[in-house]
Amino acid sequence: YARCNVPQNEDILTAIANMPTEEAKRAKEIVEEMEEEGRRTLRLMPGAVELGSWLTEHEVPFALVTRNNKKTVQHFVDNLWNNDDT
């Protein structure tokens with residue numbers, strides 16, 4: 001929040017959307033830096049892959065609800081959720 005000049009009591013994405021163009025561009029770059037760090041450090045909780053496998057095996061619908069960007073979600077799906085080595 002501080003790096004984007006957004007008070008913590010405000011929604012960061014709404015605040016960025018309401019910023020002047022250049023300020024919003026810089027704030028979006030900062031958010032992307034943070035998303036990249038998240039992709040590098042993301043780890044699943046113990047049992048998460050097994051739960052996902054069980055849900056899939058038993059045809060139980062499920063959804064991922066997140067405010068992360070599409071690139072981070074795709075990283076999660078490709079490298080963690082569907083990874084048999086996890």
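Residues numbered from 1 in each chain as written. Predicted model: local features only at pLDDT ≥ 70, side-chain atom pairs only at ≥ 80, totals over all residues. Heavy atoms only, no water.

**Student:** So what exactly am I meant to see when it comes to the pattern of salt bridges here?
**Tutor:** Two side chains of opposite charge can pair, provided their charged atoms sit close to one another. Tallied over the entire structure, the rule returns seven salt bridges. Across the salt bridge formed by Arg-26 and Glu-29, the nearest N and O atoms sit 3.4 Å from each other. One end of the pair, Arg-26, and the other, Glu-29, are both in helix H2 (residues 21-41), three residues apart, so they sit about a helical turn from each other. Note on Arg-26: relative accessible area 40%, which makes it partly exposed. Using a relative accessible area of 37% as the deciding quantity, one classes Glu-29 as partly exposed. Of the charged contacts in the structure, one is a salt bridge between Arg-39 and Glu-32, with a shortest N-O distance of 2.6 Å. According to the relative accessible area criterion, Glu-32 is partly exposed, its value standing at 29%. (Salt bridge = Lys/Arg side-chain N within 4 Å of Asp/Glu carboxyl O. Helix = DSSP H or I, 4+ residues; strand = E, 2+ residues; numbered from the N terminus. Buried < 20%, exposed > 50% of the residue type's maximum accessible area, 1.4 Å probe, protein only.)

**Student:** Could you clarify how one ought to interpret the layout of surface pockets in this entry?
**Tutor:** Unfilled space is identified by rolling a water-sized probe across the atoms. Empty space within the largest pocket amounts to approximately 290 Å³. Around the largest pocket sit 13 residues that line it, and Leu-13, Val-31, Glu-35, Arg-67 and Asn-68 are the ones nearest its centre. Looking at the lining of the largest pocket residue by residue, the class counts come to six nonpolar, four polar and three charged. (1 Å grid on protein atoms, 1.4 Å probe; cavity = no way out; pocket = protein on both sides within 12 Å on 5 of 7 lines; lining within 4 Å. Points joined across faces, edges and corners; volume = space filled by probe spheres on them. Nonpolar A, V, L, I, M, F, W, Y, C, P; charged D, E, K, R; others polar.)

**Student:** Would you take a moment to explain the side chain of Thr-72 for this structure?
**Tutor:** Here Thr-72 is to be found in helix H4 (residues 70-81). Discounting residues that sit within four places of it in the chain, Thr-72 has contacts with Glu-35 and Arg-39. (Contact = heavy atoms within 4.5 Å.)

**Student:** How do you make sense of the environment of Trp-81 when you look at a structure like this?
**Tutor:** As for its placement among the helices and strands, Trp-81 is situated in helix H4. Judged by relative accessible area, Trp-81 falls into the partly exposed class, the value being 22%.

**Student:** Could you clarify how one ought to interpret the nonpolar core in this entry?
**Tutor:** One broad rule of soluble globular proteins: the nonpolar side chains tend to lie buried together. With nine residues, the main nonpolar core is built from Cys-4, Val-6, Ile-12, Ala-15, Ile-16, Met-19, Ala-24, Ala-27 and Ile-30. Every element with two or more residues in this core is listed here: helix H1 (12-17) and H2. The residues touching Cys-4, leaving out its near neighbours within four places in the chain, are Ile-12, Met-19, Ala-27, Ile-30 and Val-31. (Core = buried A, V, L, I, M, F, W, Y, C linked by side-chain atoms within 4.5 Å.)

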